[in-house]
Amino acid sequence: MNKFASYLLTGLICLVAGGQFIQVVTRYVLEIPVMGLEETLLYPTMWLYILGAVNASRENTHIRANVLEIFLKTKRQVVSLAIIGEVLSLIIGCWLMYWAWDFTKYSLRVWKESPTLYIPTFYVDVALLTGMVLMMIYTAWHLWNHIRDLTTDNKEQ
């Protein structure tokens, strides 16, 4: 899974960077802008952004301000704080996932298209729901690991 995620994210970032490079060269150097390139770059850009957040959730490397950990003395206290954080993340994430579900249903019903190339924007919009579902799965997994750490610590003492 790690290899697949890294290849996918690398491919998406190369696609976005290459598209931007082509746009800059054709628009500012050759003075012949490529019509619709911005529309087509919306797809890999949105998926890159969302899947990058999923990857950070998978690796548990989101930026955190763990100020309270400075004041905690034992591993049990640190793990308990992590459990509280994961539970809050799960609650808020599930709420946002519900919104993403409503947005996806709306997007499917309306079936908007891009203004120039008439590409359905549903395939961009569904990235949000996909990302939220995957992030909540990884958050639940990290919560489970913290709870397991806490229970194994109790058995050892």
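Above this note sits the structure.
Just so you know, these numbers come straight off a predicted model, no measurement behind them.

Caption draft 1: Geometry of the nonpolar core. If you look at the biggest cluster of nonpolar residues, it comprises seven residues: Val54, Ala100, Leu129, Met132, Met135, Met136 and Tyr138. With five residues, helix α4 (residues 122-156) is the single largest residue contributor to this core. When residues no more than four places from it in sequence are discounted, the contact partners of Met135 are Ala53, Val54 and Ser57. Membership of the second largest hydrophobic core comes to five residues, among which are Leu9, Leu12, Leu48 and Leu51.

Caption draft 2: Spotlight on the packing of aromatic side chains. Within this structure, the stated rule accounts for five aromatic pairs. The interplanar angle of 55° and the centroid separation of 4.8 Å between the aromatic rings of Trp95 and Trp99 together place this pair among those described as tilted. Taken as a pair, Trp95 and Trp99 lie in helix α3 (residues 75-110) at a separation of four residues, close to a single helical turn. Residue classification places Trp95 among the partly exposed positions, given a relative accessible area of 48%. Exposure remark for Trp99: the relative accessible area of 48% places this residue in the partly exposed category. With a centroid separation of 5.8 Å and 75° between ring planes, the pair formed by Phe122 and Tyr123 is classed as edge-to-face. Classification of Phe122 as buried rests on a relative accessible area of 13%. Its relative accessible area of 44% is what places Tyr123 among the partly exposed residues. Here the aromatic cluster, defined as three or more aromatic residues joined through ring pairs, consists of Trp111, Phe122 and Tyr123.

What counts and how
Residues numbered from 1 in each chain as written. Predicted model: local features only at pLDDT ≥ 70, side-chain atom pairs only at ≥ 80, totals over all residues. Heavy atoms only, no water. Core = buried A, V, L, I, M, F, W, Y, C linked by side-chain atoms within 4.5 Å. Buried < 20%, exposed > 50% of the residue type's maximum accessible area, 1.4 Å probe, protein only. Helix = DSSP H or I, 4+ residues; strand = E, 2+ residues; numbered from the N terminus. Contact = heavy atoms within 4.5 Å. Phe/Tyr/Trp six-rings, centres within 6.5 Å; stacked < 30°, edge-to-face > 60°.

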